[in-house]
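What follows is the residue order along each chain.
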Amino acid sequence: MSSDNLTIRRADSCDAEDIAAISAKCFDEAWTADGLRKDIGNDKVSFYLAAEHAGSMIGYMGSWMILEEAHVITVGVDPEFRNRKVASTMMLCFFREAVRRGVHWSTLEVDEDNLSAIRLYEKFGYKTVSVRKNYYGEGRDGLLMWLGGMHNASFSERLDEIEKDISPEGWDK
């Protein structure tokens, strides 16, 4: 998917260093390039996306797709490019591919303090189903979120509405 200077493409193991660098900017416990290379290289399960602006990687998303389930494992956007719908665009591309592959539901964990990520996931229809105590370290709980019905027409309509809302404005900088 491409609009103006934002491009979303499938990531490959050659992108591991760039993804690790963005991960380090986004998270206290960042993914390592070696770990990413191994995970991205697992083509039977892993599906990673890279977001690029003017030829440079500015975001990434990683997931595992197994039979009818997709598990979002990581989403990161360089802090300089946040609030420009990069994550929404990657999520949209992820869901289009997941539905194409026959996925029916998706899960993820998110830090309960990461309100912007929670809002993003809720926009796509995720609901919190449980709390994982200390999942992100002592005193940092994780929310387990679940989304079902991805094969339904109503989910496709939701994706179409989100896609209309994603605007390329601001990408000419």
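(A) Just helix α5 (residues 153–165), in detail. Counted at 1.5 Å a residue, the expected span for α5 with its 13 residues is 18 Å, and the 19 Å between its end C-alpha atoms agrees. Listed as buried for α5 are F155, L159 and I162. The arc enclosing the buried residues of α5, seen along the axis, measures out at 65°, which places them on a common side. Residues A153, E157 and K164 are exposed on α5 and point more than 90 degrees away from its buried face.

(B) Fine view of the packing of helix α1 (residues 16–26) against helix α2 (residues 33–40). Two elements in contact, α1 and α2, have axes whose closest approach is 8 Å; the angle formed by their N-to-C orientations is 125°. The angle between the axes of α1 and α2 places the two elements in the oblique class. The way α1 lies across α2 gives a crossing that is right-handed. Judged by residue contacts, A16, E17, I19 and A20 of α1 engage A33, L36, R37 and I40 from α2. Residue composition of the contact of α1 with α2, grouped by class: 6 nonpolar, no polar and 2 charged.

(C) The arrangement of a nonpolar patch on the surface in detail. On the surface, W64, I66 and L67 cluster together to form a nonpolar patch covering roughly 330 Å² of accessible area. Structurally, the position occupied by I66 is in strand β4 (residues 56–66). Residue I66 is classed as partly exposed on the basis of its relative accessible area of 49%.

(D) How the structure looks around the environment of I8. Within the secondary structure layout, I8 lies in strand β2 (residues 6–10). Measuring from C-alpha to C-alpha, the distance between I8 and V129 comes to 30 Å, with 121 residues separating the pair along the chain.

(E) Spotlight on the state of the cysteines. The tally for this structure, following the rule as stated, stands at 0 disulfides. There is no disulfide at C93, and the cysteine sulfur nearest it, in C26, is 18 Å away.

(F) View of the packing of helix α3 (residues 86–100) against α5. Following both chains from N to C, one finds α3 and α5 inclined at 155°, their axes separated by 11 Å at the closest point. One element, α3, and the other, α5, form an angle in the roughly antiparallel class. In this structure, α3 crosses over α5, and the sense of that crossing is left-handed. Each of L92, F95, R96 and V99 in α3 lies in contact with α5, whose residues at this interface are F155, S156, L159, D160 and E163. Residues belonging to the contact of α3 with α5 are distributed by class as follows: 5 nonpolar, 1 polar and 3 charged.

What counts and how
- Residues numbered from 1 in each chain as written.
- Predicted model: local features only at pLDDT ≥ 70, side-chain atom pairs only at ≥ 80, totals over all residues.
- Heavy atoms only, no water.
- Helix = DSSP H or I, 4+ residues; strand = E, 2+ residues; numbered from the N terminus.
- Expected span 1.5 Å × (residues − 1).
- Buried < 20%, exposed > 50% of the residue type's maximum accessible area, 1.4 Å probe, protein only.
- Arc of directions from axis to C-beta.
- Axes fitted to C-alpha atoms, helices over the stretch in contact; angles between N-to-C directions.
- Parallel < 35°, antiparallel > 145°, perpendicular 65-115°, else oblique.
- Left-handed = near helix turned anticlockwise from the far one by under 90°.
- Contact = heavy atoms within 4.5 Å.
- Nonpolar A, V, L, I, M, F, W, Y, C, P; charged D, E, K, R; others polar.
- Patch = residues over 30% accessible without salt bridge, like charges linked within 9 Å, V, L, I, M, F, W, Y side chains within 5 Å.
- Areas by Shrake-Rupley, 256 points an atom, 1.4 Å probe, with all protein chains shown as cover.
- Salt bridge = Lys/Arg side-chain N within 4 Å of Asp/Glu carboxyl O.
- Disulfide = S-S within 2.5 Å.

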